[in-house]
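Residues per chain, in single letters:
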Amino acid sequence: MTETQGTQTTPSRRALIGWGGAGLALGAAAAGGAVAMARAGNDMDPAAAETGGAVEFHGAHQAGIATPVQDRLHFAAFDVKTEDRDEFVQMLKDWTEAARRMTAGKAVGEGAYGGLAEAPPDDTGEALGLKPSRLTLTIGFGPSLFDKFGLADQRPEALVDLPKFPGDNLDRFRTGGDLCVQACSDDPQVAVHAIRNLARIGFGKVAIRWSQLGFGKTSSTTPDAQTPRNLMGFKDGTRNIAGTETDRLKKFVWVGGEDGPDWMTGGSYLVARRIRMHIETWDRTPLQEQEDIFGRDKGEGAPVGKAKEHDEPFLKAMKPDAHVRLAHPDSNNGITILRRGYSFTDGTDGMGRLDAGLFFLAYQRDVRKGFIPLQRNLAAHDALNEYIQHVGSAVFAIPPGVRDSDDWWGRTLFSKEA
Amino acid sequence: MRAVRLTVTAAATAAALTALSACTAKSDAKDGDAIQVTAADSTCKTSSTSVPAGQVTLKIENKGSKATEVEILFPDDRIVSEKENIGPGTRYTLTAEVKAGSYEIACRPGMKGHGVRQKLTVTGGGSTAKRDPQLDTAVAQYRTYAQDQADETLPKAEAFVKAVKDGDLDAAKKAYGLSRLGWERTEPVAESFGDIDPKVDVREDGLDAGQKWTGWHRLEKALWHDKKIGAEEKALADQLLKDLKDWQGRVGKAEITPTSMANGAKELLDEVATGKVTGEEDRYAHTDLVDFKGNVEGAQKAYELLRPVAAKNDPALTKELDKQFAALDTLLDKYRSDKATYDFVSYDKVTEDQRKELSDAVNALAEPLSKLAAAVVK
């Protein structure tokens, strides 16, 4: 843990995995505050999570943030290749239409078969016959996008470039991007299909910069569901913000009208980090040390000295560098974020080590008041740093939802000056 | 490179033909109007060399010892109608809708090769299937282009072969990339002869078990990797020239259709995307950008010939294709000092970021190019 800090060989740093701690505190504050959701439809009903059905694409906020977390992820970051604003806007409209269809379980364009024999079909076809599987598609705009199309004065102040945190070992081929699309679904094929078809529509206008597949959600926005475990075997996200907690969502996640700029009202900010875990060394760590590092027990997930997972943690009972203690809002002036991360495994690296970890996704109202101070704290002190390393990083402004069938992704940003 | 291409071309061709020919549908022609075709192993006799336009009937009898195939061909070798696998001693009636013009009837004993041919003149009048003369022109011009590329390649290949046989390593290296250019420009046509491609353009990892490695890439490895020319290399150089002459002699007879041209253009970009952008193609010589440029030029030629028809049917598509071809050309020009030469940067000097940029530009062009065939046959 701390003795490794500043060394070259066992870098790492992190923050993620366990923001279970952050969630814990939050939950306590807002318990019982469940209110009707801002989004239309009943897709917020946890019962709907079991149906494999469609999640409403339209709403005040984009789906895929406060809506129930699905099991699978395909996240893609794109670079803009065109300098033609009209062409880019047309692509956003085409993407919106494709997203509208795919989230409803329909094929893109004219479909995957039955068209001209001499031409490739509009839809790639691998999602035919599959349920909508609660597919959500969520678009975001990276800081670098605002250098293009004369958008500099529209860049939100809250959309800062992330500072370099101690221990970061960022791979530029897994970092940054002018825009992103987060595809979450209960069926990995449905999520992959969605990104693949958007990429295809985008060729010539945008190009994929990097992408990440994820499985096994590591946090939940539906507290009644069983708390998922991360690849270190610990429960994570015990008290993440629930999709029904309107007040906390408003306070910590959704950008308000007073925050500015206007086009972001109803949106949010996303931080995406690829956090590699040193799986093999972690697995050789004694149980007591593992539990000390997290600050909770491995079986039940209870905080140190407590019996049940949902018991209020007593931070001072934990080691000073315990992850939960450091990540807890009480240790961070109340900082709260909404997590939506996934485990990932991309096979093994050339040395036979599992290339695995946590693909961290956090939504917040202001990155400067959310991820950055939290990560500074964790990067400096977290005992977990010995076992993790941040290898990819990106930040995006997530615009508000697509209101209706005439609306499109990014309209509030791009139609203003049109 | 891959024999798979052949299938692709054939499928595209078959699809195009359904629109143009009536095949064996109904035959209300009387026996007296039918052309008797007597096929044998080395002859192909026809009872008539002139018929009126409209429905034409061939009464075929195979008197030979092997299965044969009988085709009615357009002057550019496109198939109007055909029947494959007519067994020895069997008969078959083939009908086709044919408009006025010059045709050939071909019998292909063993279903291979150019076949034995007879002229067939179809005289005016009668109802005919519609054909777009612009597309006929495009096919004819592309056929000429393919032949020209082969003709122009031979002297360059000869220079390469001479350098190898002289044991002149430097001269051979210099001549290598240019000797491939014409082939790369017309690769889908060259590949339609399934037997030539595996001899001249196969890479080591593409060899079948027991297949002897011959051709350009075998010599490339000798020149750049082994850095020596021995007796075996000299013999292989001779073999390469012989195989390329075979190509030159047959390329004019390749089956070419508007859709095979369009999809061939896309296939050229596929070649770039899978082999050149990755640096796999010329892994020893690193002359990938020369091949890359050749593939793009060949695709551009096919596109330009089809463009008038495509622009009528789908102007948005041709606008996009014009733009993306220009963008890729501009990008490629950054890798050579002078637009008049094919002196490109060695691909091992092209950075990862630059390769990604090239790959993005190829995708940006190949995606709309995959829609060209539909725009042509619409």
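Whatever comes next refers back to the structure up there.
So, here's what we can say about the structure. (Residues numbered from 1 in each chain as written. Chains lettered and ligands numbered in written order. Predicted model: local features only at pLDDT ≥ 70, side-chain atom pairs only at ≥ 80, totals over all residues. Heavy atoms only, no water.)

Regarding the overall build of chain A
Each helix and strand in chain A was counted, giving nine helices and nine strands. Of the contacts made within chain A by residues no fewer than 6 positions apart, 80% connect residues no fewer than 24 positions apart. (Helix = DSSP H or I, 4+ residues; strand = E, 2+ residues; numbered from the N terminus. Contact = heavy atoms within 4.5 Å.)

Section: the interface of chain A and chain B
Each partner contributes to the interface: chain A provides 16 residues, whereas chain B provides 19 residues. When chain A packs against chain B, close to 1400 Å² is buried across both sides, 53% of that on carbon and sulfur atoms. Its salt-bridge partner being D360(B), residue K81(A) comes within 3.2 Å of it at the nearest N-O pair. For the interface between chain A and chain B, the tally reads five residue pairs in polar contact (both at pLDDT 80 or more). Here the side of chain A that touches chain B gets three residues from one element, more than from any other, and that element is strand β4 (residues 206-217) of chain A. (Buried area = accessible area lost by both parts, 1.4 Å probe. Salt bridge = Lys/Arg side-chain N within 4 Å of Asp/Glu carboxyl O. Polar contact = N/O pair within 3.5 Å; in protein donor to acceptor, adjacent residues only side chain to side chain.)

Brief notes about the packing of aromatic side chains
With the rule as written, the count across this model stands at 26 aromatic pairs over all chains. Judged by centre distance (5.6 Å) and plane angle (40°), the rings of F360(A) and F371(A) are tilted. Taken as a pair, F360(A) in strand β8 (residues 354-364) and F371(A) in helix α8 (residues 371-381) lie far apart in primary sequence, 11 residues in all. Of the two residues, F360(A) and F371(A), both sit in the buried class. When the ring centre of Y92(B) is taken as reference, the NZ or CZ atom of K83(B) above it lies at 4.8 Å. The ring of Y342(B) has R336(B) sitting right over it, with the charged end atom 5.7 Å from the ring centre. (Phe/Tyr/Trp six-rings, centres within 6.5 Å; stacked < 30°, edge-to-face > 60°. Buried < 20%, exposed > 50% of the residue type's maximum accessible area, 1.4 Å probe, protein only. Lys NZ or Arg CZ within 6 Å of the ring centre and 35° of its normal.)

Let's talk about the nonpolar core
With 77 residues, the main nonpolar core has F160(B), L244(B), L289(B), F292(B), L328(B), L358(B) and L372(B) as its most contacted residues. It is helix α2 (residues 133-165) of chain B that provides the largest number of residues to this core, a total of 13 residues. Not counting residues within four places of it along the chain, the set of residues in contact with F160(B) comprises A172(B), A175(B), Y176(B), S179(B), W216(B), L219(B), L223(B) and L240(B). The next biggest cluster of nonpolar side chains, apart from the first, holds 70 residues, and it includes L159(A), I195(A), V367(A) and W409(A). (Core = buried A, V, L, I, M, F, W, Y, C linked by side-chain atoms within 4.5 Å.)

Points about unusual backbone geometry
Residue and element names in this part refer to chain A. A cis amide bond links G260 with the next residue in sequence, P261, at an omega value of -10°. Positionally, P261 belongs in the loop between α4 (246-252) and β5 (268-277). Although it is not a glycine, R134 sits at a positive phi angle of roughly 55°. Residue R134 is classed as buried on the basis of its relative accessible area, which comes to 7%. Look at N333: it is not a glycine, yet its phi comes out positive at around 55°. Position of N333 relative to the elements: it lies in the loop between α7 (323-327) and β6 (338-339). The exposed category is assigned to N333, whose relative accessible area is 83%.

Focus on the sheet that holds strand β7 (residues 91-98) of chain B
Residue and element names in this part refer to chain B. With mixed pairing, four strands are arranged side by side in an open sheet as β2-β1-β4-β7. Two strands close off the open sheet at either side, each with one partner strand: β2 (44-46) and β7. Ignoring which end each strand starts from, the neighbouring axes of this sheet average 25° apart. In this structure, strand β4 (residues 54-62) lies alongside β7, joined through eight bridges in antiparallel fashion. Looking at the pairing, T57 lines up with T95 of β7. (Pairing = 2+ DSSP bridges. Axes fitted to C-alpha atoms, helices over the stretch in contact; angles between N-to-C directions.)

A look at the sheet that holds strand β3 (residues 50-52) of chain B
All names here are of chain B. Across the sheet, which stays open at both edges, the five strands sit in the order β3-β9-β8-β5-β6 with mixed pairing between neighbours. Looking at strand neighbours, the two that pair on one side only are β3 and β6 (79-86), the edges of this open sheet. The sheet shows a mean angle of 20° between the axes of neighbouring strands, direction not considered. Bridge count for strand β5 (residues 68-73) against strand β8 (residues 101-107) is four bridges, and the pairing is antiparallel. Pairing of L73 across the sheet is with E104, part of β8.

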